[in-house]
Amino acid sequence: MRLKQIAITRYIAIILLAIFGSTPVFAAETADQILDRTAKQISTAPSIKANYSLATTDGGKASGTMTLCGDKFTMTSGDMSVWFDGKTQWTLIPANEEVNITEPTQQELQQVNPVLIIKAFRQGYTATMVRQNDTEAVITLKAKQANAEIPLATVTISKSNYMPREISFKMSSGQRATIRIPSITTGKKLATNVFQYPKSKYPNIEIVDLR
């Protein structure tokens, strides 16, 4: 069950990081151009913070926050917290009373790093503008490879603020999920230690170094 929750959280990261920063130019640009601008905005924003909630077709639920700053990020949900400072990743699961330390490979980072994820979507997915009206625009992302972890995703973006407000996606297992994002904000640049495990805050947690 714990591994399942971690997998769901990773899927959240994949989808959220894929659509941050969408821009208000739908009338003049294609879906591909919007994704290109997304990558640029993520790269140049001092920091980005998002709140999210997730519901899956098998009854799973999760909610939390994610903060991004360049290639660094933090992510929290009810069962897990993750810190990545650009090299080292700490994954804390309080129920297990341990934090795992790793140095993710390029392939592993492609599942959570904002810029790499956008590149992956541009290279591995076909983006299509489904519809748009005065209030919203809808884009689908269809995987080019049949064995992709997420074969299909649909992103709904509000035209009132040009931020994503709902993402529905299908996993390779056949399970479907919907993420709702009540808020996404940009902020100032954050210090590196924000993205490092605060050891003093968890004195009774066992550290498992897997590097």
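Quick note: structure is the one above.
For the chain, the count of helices and strands is 4 helices and 12 strands. Across the 211 residues of the chain, 45% fall into the buried class. Contacts spanning at least 24 positions in sequence make up 49% of the contacts within the chain whose residues lie at least 6 apart. Surface summary for the chain: the accessible area is close to 10,900 Å², and the carbon and sulfur share equals 49%.

In this structure, Leu54, Phe73, Met75, Tyr125, Ile167, Phe169 and Ile179 are the most contacted members of the largest nonpolar core, which totals 32 residues. Among the nonpolar cores identified, the runner-up in size contains 7 residues, and Leu92, Val99, Ile101 and Ile205 belong to it.

With that settled, the discussion passes to the packing of aromatic side chains. In total, this model carries 4 aromatic pairs according to the counting rule given. With a centroid separation of 6.4 Å and 65° between ring planes, the pair formed by tryptophan 83 and tyrosine 202 is classed as edge-to-face. Note that tryptophan 83 is positioned in strand S4 (residues 81-84) and tyrosine 202 in the loop between strand S11 (176-187) and strand S12 (206-209), a separation of 119 residues in sequence.

Even without a glycine there, the phi angle at glutamate 97 is positive, about 55°. Within the fold, glutamate 97 resides in the loop between strand S5 (89-93) and strand S6 (98-102).

Attention now moves to the pattern of salt bridges. One pass over the structure, following the stated rule, counts 3 salt bridges. Of the charged contacts in the structure, one is a salt bridge between lysine 72 and aspartate 71, with a shortest N-O distance of 3.8 Å. In this structure, the salt-bridge partner of glutamate 166 is arginine 180, at a minimum N-O distance of 3.4 Å. Highlighted residues: glutamate 166 in strand S10 (residues 163-170) and arginine 180 in strand S11, separated in sequence by 14 residues. Owing to a relative accessible area of 26%, glutamate 166 belongs among the partly exposed residues under this scheme. Residue classification places arginine 180 among the partly exposed residues on the basis of a relative accessible area of 45%.

Right, let's get into the pairing of S5. Among the 5 residues of S5, 5 are classified as buried, and the element is accordingly described as predominantly covered. The sheet contact formed by S4 and S5 spans 4 bridges and is antiparallel. Of the residues in S5, the one forming a bridge with serine 81 is leucine 92. What sits between S4 and S5 in their antiparallel hairpin is a turn of 4 residues, with glycine 86 showing a positive phi close to 105°. Linkage of S5 to S6, two consecutive antiparallel strands, is achieved through a turn of 4 residues, within which glutamate 97 is found at a positive phi near 55°.

What counts as what
Residues numbered from 1 in each chain as written. Predicted model: local features only at pLDDT ≥ 70, side-chain atom pairs only at ≥ 80, totals over all residues. Heavy atoms only, no water. Helix = DSSP H or I, 4+ residues; strand = E, 2+ residues; numbered from the N terminus. Buried < 20%, exposed > 50% of the residue type's maximum accessible area, 1.4 Å probe, protein only. Contact = heavy atoms within 4.5 Å. Areas by Shrake-Rupley, 256 points an atom, 1.4 Å probe, with all protein chains shown as cover. Core = buried A, V, L, I, M, F, W, Y, C linked by side-chain atoms within 4.5 Å. Phe/Tyr/Trp six-rings, centres within 6.5 Å; stacked < 30°, edge-to-face > 60°. Salt bridge = Lys/Arg side-chain N within 4 Å of Asp/Glu carboxyl O. Pairing = 2+ DSSP bridges.

Read these as layout, nothing more, since geometry by itself doesn't imply function.
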